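# Working through the structure, step by step
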Amino acid sequence: MVKRLLGIALLAGLMGCGNGKPPLDNPSRGSIVIAADESFQPLVTQLTSAYAGIYPNVHFDVVFKPEQEAINMMLHDSARLVFTTRPLRPNERAVLDKNKIKGATEKIATDGVALIVNKANTDSLITMTELQRVFDGQTKTWNQLKNGNQSSPITLVFDNNNSSNLEFVLNTFKIKNVNNIRIFTTRSNREVINFVRKNPSALGFIGVNWISDSDEPLSVELAKDLRVMGVSDKTNPTKRGDYFQPFQEDLGMLRYPLRRPVYILSRETHPGLGGGLINYIARDAGSLIISKLGLWPRIPYDRIINLTK
């Protein structure tokens, strides 16, 4: 009788495990790998931490990489989701198609690439035309700019050779060759901030969510001793109001020129943890976190206000 009961229990266990396969994750349980461009680290960290706080049986293994590397992780099944600034290109889409994976693309927010300078640099306004000349190699020193106050060369500082920040800016100004410009790359957005803080001639490019959360001590600390430049898309702006910074209202109202979308790309093939996180971010309280970080959520969180006499 004992042997019979043990046999029944073993059979039930095998059936429960799906013939030895681990159970599929679902929106409230499981563990998945997420890849994200490093410029979105504060945003992704807060979003995943908030979701895991609601569901204690959830775990996200988040890996921060330059954007192309992060996308490649998702394409080669090393990550379930990826946070990026663009949808898949046709050749990348073909990788999923080959494996009969439909995947998903969800825009969740509008972000901005912030231009930061040392506090000693009083030149805090720049136009897109001036930036074009800098990237074309025509403008090489700060005093060649309209409001330039120093004769030192302009050093352009980015977080990584393959980062979304660098790719976005080079694409914006249609730059194919960087040999004629003074450009320097570090290993992270935080290192860009530190470099600019120590070098008055530097012009740094970072994801604005690194410095835009006034309630986050790290964000406040990183923003110290820096200026965020105002950027104008007018060739000859006549007043301070023609310049805009990469903060929430100017992102949402499409006034800041160096704005960009934030996407989540998924290769999930079942109603799993990845889909649960996407729904939380795009259609639930996750949009409150996006707003708190100073970005513009694609779908604002509904606020119900009861008015009484």
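Please read these numbers as outputs of a predicted model, since none were measured by experiment.

Rules of the game
Residues numbered from 1 in each chain as written. Predicted model: local features only at pLDDT ≥ 70, side-chain atom pairs only at ≥ 80, totals over all residues. Heavy atoms only, no water. Helix = DSSP H or I, 4+ residues; strand = E, 2+ residues; numbered from the N terminus. Buried < 20%, exposed > 50% of the residue type's maximum accessible area, 1.4 Å probe, protein only. Contact = heavy atoms within 4.5 Å. Areas by Shrake-Rupley, 256 points an atom, 1.4 Å probe, with all protein chains shown as cover. Salt bridge = Lys/Arg side-chain N within 4 Å of Asp/Glu carboxyl O. Phe/Tyr/Trp six-rings, centres within 6.5 Å; stacked < 30°, edge-to-face > 60°. Axes fitted to C-alpha atoms, helices over the stretch in contact; angles between N-to-C directions. Parallel < 35°, antiparallel > 145°, perpendicular 65-115°, else oblique. Nonpolar A, V, L, I, M, F, W, Y, C, P; charged D, E, K, R; others polar. Core = buried A, V, L, I, M, F, W, Y, C linked by side-chain atoms within 4.5 Å. Pairing = 2+ DSSP bridges.

Counting secondary structure elements, the chain contains eleven helices and twelve strands. C-alpha extents for the chain along the principal axes are approximately 90 × 65 × 35 Å. By residue count, 46% of the 309 residues in the chain fall in the buried class. Taking all contacts inside the chain whose residues are at least 6 apart in sequence as the whole, residues at least 24 apart take part in 74%. Counting every atom, the chain has about 16100 Å² of accessible surface; 53% of that belongs to carbon and sulfur.

With that settled, consider the pattern of salt bridges. A full pass over the atoms with the stated rule returns 17 salt bridges. Note that R267 is salt-bridged to D77, the shortest N-O span being 3.2 Å. Pair noted here: R267 is in the loop between β11 (259–266) and α10 (273–283) and D77 is in the loop between α3 (67–75) and β3 (81–84), with a separation of 190 residues, a long-range link. The exposure class assigned to R267 is buried, which follows from its relative accessible area of 10%. We note a salt bridge from D213 to K292, for which the minimum N-O separation is 2.6 Å.

Once that is clear, we can look at the packing of aromatic side chains. For the structure shown, the criterion picks out seven aromatic pairs. A ring pair is formed by F135 and F173, whose centres lie 5.3 Å apart and whose planes are at 10°; its orientation type is stacked. With F135 in helix α5 (residues 128–136) and F173 in the loop between α6 (164–172) and β7 (183–185), this residue pair connects regions lying 38 residues apart in the sequence. On the basis of relative accessibility, which here comes to 3%, the residue F173 falls in the buried class. Feature note: the residues Y51, Y55, F60 and Y280 constitute an aromatic cluster, connected by ring pairs.

Turning next to the packing of helix α2 (residues 41–54) against α10. The geometry of α2 relative to α10 is characterised by a closest axis approach of 11 Å and an angle of 110° between their N-to-C directions. By the criterion of interaxial angle, the relationship of α2 to α10 is roughly perpendicular. In this structure, α2 uses L47, T48, A50, Y51 and I54 to contact α10, whose residues at the interface are L273, G276, L277, Y280 and I281. When the residues that make up the contact of α2 with α10 are grouped by side-chain class, the tally is eight nonpolar, two polar and no charged.

The biggest cluster of nonpolar side chains holds 67 residues, and the ones touching the most others in it are F83, L115, L131, F135 and L203. Of all the elements, strand β4 (residues 104–118) adds the most residues to this core, at seven residues. Those residues in contact with F83 that lie beyond four places of it in its chain are I34, A35, A36, D37, F40, V44, L47, I108, Y263, I264 and I281. Core analysis: the next-biggest nonpolar cluster, separate from the first, contains 13 residues, I71, M73, L88 and I101 among them.

So, about the pairing of β4. The element β4 is largely enclosed, with a buried count of twelve among its 15 residues. Sheet topology note: the β4/β11 ladder contains eight bridges and is antiparallel. Counterpart to T110 in the pairing with β11 is P261. Bridging between β4 and strand β12 (residues 296–297) involves two bridges; their strand directions are antiparallel. Considered in β12, the bridge of T110 is made with W296.

Moving on: α6. Along α6, the residues that are buried comprise S164, N165, L166, F168, V169 and L170. Phi turns positive one or two residues past the end of α6, at K174, with a value near 55°.

By themselves, these figures tell us nothing about what the structure is for.
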